[in-house]
Amino acid sequence: MRKNLTVFVGCMLALSLIATGCATGGKETKSGAPTQGAPAPQAPPQQEKVLVIAQSREGDNLDHIKTSWTTGIHFLVFDTLVTTDWDIKNKPGIAESWKVSDDGRIWTFKIRKGMKFHDGTPVDAKAVKWFFDAVLDPKYSSPSAVDYKYMKNNRVVDDYTFEVTLSESFPNFISPLTSSYAGIISAESYRKYGPDGTKEYGTAKVVGSGPFKFAEWVPNDRMVLVKNPDYTWGPDWVSNKGPVRVDKVVWRTIPDSSTQVAEMEAGNVHVLLEVPIESVDRLSKNPKVEVFKGPHFGLGYLAFATDKKPFTDVRVRRALNLALNREEIVHGVFRGLAFPAYGYLPPLMTEYVEDKNAHRYDVEEAKQLLSKAGYPNGFKATLATQNKAEHVRLAEVIKAQLAKIGVTTEIQVYDSAGYASFLKQGKQELFVREYSYSDANILQWFLESGQFPYPNHSRWRDKTTDRLIKEAESAPSLDNRTEKYKGLQRHLIDQAVWAPIWVPMKIQAVRSDKVKNWRMYPQTIYKVVLNDVDLVP
Amino acid sequence: MLIPEIIGVTLAVFLLMHLAPGDPVALIVGDHAPPEVYEQVRAEFGLDKPLVVQYWVFLKHLCRLDLGRSILMNRPVTEVVAGALPVTLQLTLTGLVVSYLIGVPVGIVSGVKRGSLFDQASMFGAIAFACMPSFWLGSLLMLSLGVRFAFFPVSGYGSIRHMILPSVSLGLGGAALTARMMRSSILDVIRMDYVQTARAKGLPESAVVYKHALRNALIPMVTLLGLRLGWLVGGAVSLETVFSVPGMGRFLVNSILNRDYPMVQGIMLVLALCVVIGNFLADLLYSLVDPRVELK
């Protein structure tokens, strides 16, 4: 019997050891992607400066020609023709200068000399032309092709001069050239590893010309970037124009926010790009951690299916706007770590217009408006939201606030894929949305008739809106465009197309005992600028 | 039976995933892409074809051991599974070992010393641990032994030390159930005539328990072993998220949320195979524990 018992226990241990052996004996896979066996990043090796950044989810694919999902890694691995500085002003990048013809249609970019991709090929006018041609090539079905829809003809004038002819004047043409989708990829590497080659591009191979080189990606675990020692073309708005000061950046994928906070407290993670609001107080009290807070290019709002009754009536939409107590929401749902929204764009944008009166809290006025619209006792509607914890809490508060004017709502919660499908099918009535974007043309994407039924999920078809958007997008100058967008917002506020609720706050936490010269970039959540960042040994 | 089971699993997963609302292509192309780009990407992945055709294509590829390509990650599913499966197996099997190494001895002693202080304390502990969700226990262990005392890595994967907290978190709940099961099994056996006869022969109590009672009392534990595998895989899914372990569970959850159909089908197929093989191995163990069982 003792023998059998020993055999039983032995089998259990053997199984465990076999599994352990399987798991830790990893070698490189066929595609070059490492298996799960390599040690997880913990304390960096001696002398090597390793910055560890936590992210809650990683991009599915780093080929930004083929996917609409980009991460902060794109800003570190790639250079763009034009960059944006700390104040989101356009500054030279790969292009050291540019000029526009008098009719606003021909843009000429002078390419900086001496730049090269991580594979050693030169960054020149030919490389830049290849990238934009690839994005616009229907065979790649690139989601970002729409950003360059005005590009009619791209031309290499000489090795370091690139010329774009637009189909019509479009002063905002420069804006998409600064985005993470516009990082110039090495043509040679894309041909070799991309969709026409080994199909490894975006997972095992990623080749740009930025301050960091892509090194490895262990899915759902980490992405590793190493310093580009040849980098000498840092933008004007950073102090260090040469190679970065850290040797390696490890982006750890840690889905659970409380685990991220625990790892930061234990000193294994140096930067949290998104601090959960419930952890802000705790981290702020930690003397080894500095919490950065600031406004963010985003907006959260309650939207209506404006082609369905009773939301077709502007009085109903205005009543819903007046029924929302934004201050209470910001303090109750977001613990004060957000700002009340009174407009359709984030306040950081130059085109921003606000109207506190139209978005005031006035239950009595809201009831009167509903009565005039023929709903003295309110009405019933569904209230849909994505399953993000804050959005679900918000939906519950909205439900309670709307109940005060007699509007009874039934909350419906969807995961991200389900929510996108739900909106696409046009099943929504009232629904919570949040966008993160730094260009006023977000209003065109979400509210122009041509975008119906998706992404114009508000189902807003209005000739005045279309005209104002068209005028703004084809304005002869950026100043004129700004004025046109301000006019558009005043019209949207008057029509109460949405009920803006909150402007999110960007919150990052950094181990100040280890990381020096950290500065929070105000634009998107994941964008980080590491040219000047250093680590204490 | 294996082939019908596999076809049943793939069919059920295929239908459930396609019946659920959601669209992976909408996530790839984002809000701004024009409809023609959306349709083109759908066609690239064969999602424009009727469901019957899509399922047939999946089965045809499966015959060549090709699980397809992830829609979102643009990687072969087999490559992802090959990387993640050993991780989940390691977590699951070490959890299983923890649950038996703790649960079996505690159950034996509790059964033999029925009513003693040890019995009462251990059964109280068993109920407490059985009630604790593994992810909650994992968070507690992480904050205390990982952050506060720094005995173990807080999260991540790569060494044996990284697996200790997740394995213990997973195994303790199982140990509680194992201990209760072992105790009642011992109690059933210890009252039987042949055990009384052994005592009457004047054998020492340890010999009565370990040589005579334990042989029969262990048989239900082997049955439990097979059943426990599926339960442990479920627990591993949540613990992989808590401890940032890049196993099958993490990929499965992400793929379900993003409606990455080939990934979900591939992972579910492999997990089902693991459970079937685990039960088969448990059947083999019967013959080792109980010589009356013969394998044919």
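This one's a predicted model, so the numbers in the text were calculated from it and none came from an experiment. (Residues numbered from 1 in each chain as written. Chains lettered and ligands numbered in written order. Predicted model: local features only at pLDDT ≥ 70, side-chain atom pairs only at ≥ 80, totals over all residues. Heavy atoms only, no water.)

(A) Local environment of the overall build of chain A. If you tally the helices and strands in chain A, you get 14 helices and 20 strands. Compactness check: chain A gives a C-alpha radius of gyration of 26 Å against a globular reference of 24 Å for 537 residues, within 12% of the reference. Overall, chain A is about 80 × 80 × 45 Å in size when its C-alpha atoms are taken along their principal axes. Counting only residues that meet the buried cut, chain A has 59% of its 537 residues in that class. (Helix = DSSP H or I, 4+ residues; strand = E, 2+ residues; numbered from the N terminus. Rg over C-alpha atoms; globule rule 2.2 N^0.38 Å. Buried < 20%, exposed > 50% of the residue type's maximum accessible area, 1.4 Å probe, protein only.)

(B) Looking closely at the nonpolar core. Among the nonpolar cores identified, the biggest contains 70 residues, and Leu 81, Phe 109, Phe 132 and Trp 251 of chain A are the most heavily contacted of them. If one sorts the elements of this core by residue count, helix α3 (residues 125-136) of chain A sits on top with eight residues. Here Phe 109 of chain A is in contact with Leu 81, Val 82, Ala 95, Ser 97, Trp 98, Tyr 160, Thr 161, Phe 162, Val 164, Phe 173, Ile 174 and Leu 177 of chain A, once residues within four sequence places are set aside. Counting residues in each nonpolar core, the second largest holds 45 residues, with Leu 91, Tyr 157, Ile 219 and Val 222 of chain B among its members. (Core = buried A, V, L, I, M, F, W, Y, C linked by side-chain atoms within 4.5 Å. Contact = heavy atoms within 4.5 Å.)

(C) The pairing of strand β5 (residues 106-111) of chain A, seen in detail. All names here are of chain A. By the bridge criterion, five bridges tie strand β4 (residues 95-100) to β5 in an arrangement that is antiparallel. Bridging across to β5, Lys 99 finds its partner in Thr 108. Adjacent in sequence and paired antiparallel, β4 and β5 are bridged by five residues, among which Gly 104 carries a positive phi angle near 75°. With five bridges connecting them, β5 and strand β7 (residues 161-166) associate as antiparallel partners. Residue pairing in the sheet places Ile 106 in a bridge with Thr 165 of β7. (Pairing = 2+ DSSP bridges.)

(D) Region of interest: empty space enclosed by the protein. Residue and element names in this part refer to chain A. All chains considered together, the criterion is met by two cavities of 30 Å³ or more. Put simply, the largest cavity is a space of about 300 Å³. As for the largest cavity, its lining consists of 26 residues, and the residues nearest its centre are Phe 75, Phe 78, Asp 79, Thr 83 and Trp 237. Elements that contribute at least two residues to the lining of the largest cavity include exactly α2 (72-77) and β2 (82-84). (1 Å grid on protein atoms, 1.4 Å probe; cavity = no way out; pocket = protein on both sides within 12 Å on 5 of 7 lines; lining within 4 Å. Points joined across faces, edges and corners; volume = space filled by probe spheres on them.)

(E) Representation of the packing of aromatic side chains in the model. For the structure on display, the rule yields 30 aromatic pairs over all chains. Ring pairs connect the aromatic residues Trp 107, Phe 109, Phe 131, Phe 132, Tyr 148, Phe 162 and Phe 173 of chain A, which therefore count as one cluster. For Lys 424 of chain A, the ring lying beneath its charged end belongs to Tyr 38 of chain B, and the centroid distance is 3.8 Å. For Arg 148 of chain B, the ring lying beneath its charged end belongs to Phe 149 of chain B, and the centroid distance is 5.3 Å. (Phe/Tyr/Trp six-rings, centres within 6.5 Å; stacked < 30°, edge-to-face > 60°. Lys NZ or Arg CZ within 6 Å of the ring centre and 35° of its normal.)

(F) Main features of the environment of Pro 476 of chain A. Residues and elements named next belong to chain A. Relative to the helices and strands, Pro 476 resides in the loop between α13 (463-473) and α14 (478-495). Given a relative accessible area of 66%, Pro 476 falls into the exposed group. Ignoring anything within four residues of it in the chain, the contact list for Pro 476 reads Ser 169 and Pro 171.

(G) Region of interest: the interface of chain A and chain B. Each partner contributes to the interface: chain A provides 66 residues, whereas chain B provides 66 residues. Together chain A and chain B conceal approximately 5600 Å² of surface at their shared face, both sides included; 62% is due to carbon and sulfur atoms. Where chain A packs against chain B, one counts two salt bridges. Linking Lys 66 of chain A and Glu 44 of chain B is a salt bridge whose minimum nitrogen-to-oxygen distance equals 3.4 Å. Linking chain A with chain B are ten residue pairs in polar contact (both at pLDDT 80 or more), by the criterion used here. Breaking the side of chain A that touches chain B down by element, the ones donating at least two residues are α1 (2-24), β10 (248-253), α5 (257-266), α11 (416-424) and α12 (442-447) of chain A. Considering every element that reaches the side of chain A that touches chain B, the biggest residue donor is α1 of chain A, with 15 residues. (Buried area = accessible area lost by both parts, 1.4 Å probe. Salt bridge = Lys/Arg side-chain N within 4 Å of Asp/Glu carboxyl O. Polar contact = N/O pair within 3.5 Å; in protein donor to acceptor, adjacent residues only side chain to side chain.)

(H) Representation of the sheet that holds strand β6 (residues 151-158) of chain A in the model. Residues and elements named next belong to chain A. Read from one edge to the other, the open sheet built from four strands follows the order β4-β5-β7-β6, with strand pairing classed as antiparallel. In this open sheet, the two edge strands, each paired with only one partner strand, are β4 and β6. The mean angle between the axes of side-by-side strands here comes to 20°, regardless of whether they run parallel or antiparallel. (Axes fitted to C-alpha atoms, helices over the stretch in contact; angles between N-to-C directions.)

(I) Representation of a nonpolar patch on the surface. Residues and elements named next belong to chain B. A surface patch of nonpolar side chains, about 350 Å² in accessible area, is lined by Ile 277, Phe 280, Leu 281 and Leu 284. Mapped onto the secondary structure, Leu 281 falls in helix α13 (residues 261-289). We classify Leu 281 as partly exposed; its relative accessible area is 37%. (Patch = residues over 30% accessible without salt bridge, like charges linked within 9 Å, V, L, I, M, F, W, Y side chains within 5 Å. Areas by Shrake-Rupley, 256 points an atom, 1.4 Å probe, with all protein chains shown as cover.)

(J) Inspection of the layout of surface pockets at higher detail. Residue and element names in this part refer to chain B. The volume enclosed by the second largest pocket comes to roughly 810 Å³. Looking at the second largest pocket, it is lined by 34 residues, and the ones nearest its centre are Glu 44, Phe 45, Gly 46, Arg 69 and Ile 71. Residue contributions to the lining of the second largest pocket peak at four residues, all from helix α4 (residues 51-63). Residues belonging to the lining of the second largest pocket are distributed by class as follows: 17 nonpolar, eleven polar and six charged. (Nonpolar A, V, L, I, M, F, W, Y, C, P; charged D, E, K, R; others polar.)

(K) Representation of the side chain of Ser 185 of chain B in the model. As for its placement among the helices and strands, Ser 185 of chain B is situated in helix α8 (residues 160-190). Those residues in contact with Ser 185 of chain B, other than ones at most four positions away along the chain, are Ala 217 and Pro 220 of chain B.

(L) Representation of α8 of chain B within the structure. Residues and elements named next belong to chain B. Over its 31 residues, α8 runs only 39 Å from end to end, short of the ideal 45 Å by more than 12%, given 1.5 Å per residue. Along α8, the helix axis deviates most sharply at Gly 171, where the bend reaches about 30°. Counting buried residues in α8 gives 22 out of 31 residues, a clear majority hidden from the surface. (Expected span 1.5 Å × (residues − 1). Bend = angle between axes of the 7 residues up to and from the residue.)

(M) A look at the pattern of salt bridges. Residues and elements named next belong to chain A. Applying the stated criterion across every chain, the model contains 31 salt bridges over all chains. Of the charged contacts, one joins Glu 434 and Lys 388 as a salt bridge, the two residues approaching to 3.5 Å between their closest N and O atoms. You can see Glu 434 sitting in strand β17 (residues 430-436) and its partner Lys 388 sitting in the loop between β15 (380-386) and α10 (389-403), a full 46 residues away along the chain. Residues participating in the shared-partner salt-bridge network are Glu 351, Asp 439, Glu 473 and Arg 481.

(N) View of unusual backbone geometry. Residue and element names in this part refer to chain A. In this structure, the amide linkage connecting Phe 452 to the following residue, Pro 453, adopts the cis form with an omega of 0°. Relative to the assigned elements, Pro 453 resides in the loop between α12 and α13. Each neighbour pair has its own omega, and for Tyr 454 with Pro 455 the value is 10°, a cis peptide bond. By secondary structure assignment, the location of Pro 455 is in the loop between α12 and α13.

(O) Fine view of the side chain of Thr 482 of chain A. Take Thr 482 of chain A: it is sitting in helix α14. Aside from chain neighbours lying at most four places away, what touches Thr 482 of chain A is Thr 350 and Glu 351 of chain A.

(P) View of the packing of helix α5 (residues 77-112) of chain B against helix α12 (residues 248-258) of chain B. All names here are of chain B. Contact geometry for α5 and α12: axes closest at 7 Å, N-to-C directions at 125°. Taken together, α5 and α12 sit at an angle that is classed as oblique. Residues Val 80, Val 81, Ala 84, Leu 85 and Thr 88 of α5 touch α12, and the partners they reach there are Met 248, Gly 249 and Phe 251. Looking at the contact of α5 with α12 residue by residue, the classes come out as six nonpolar, two polar and no charged. (Parallel < 35°, antiparallel > 145°, perpendicular 65-115°, else oblique.)

(Q) Structural view of the pairing of β7 of chain A. Residue and element names in this part refer to chain A. Within β7, six of the six residues are buried, which leaves the element mostly enclosed by the surrounding structure. Because side chains alternate across β7, one face comprises the buried residues Thr 161, Glu 163 and Thr 165, and the other comprises Phe 162, Val 164 and Leu 166, equally buried. In terms of strand pairing, β6 meets β7 through six bridges, oriented antiparallel. Each residue of the ladder has a partner; that of Met 151, found in β7, is Leu 166. The turn joining β6 and β7, which pair antiparallel and follow one another in sequence, is formed by two residues.

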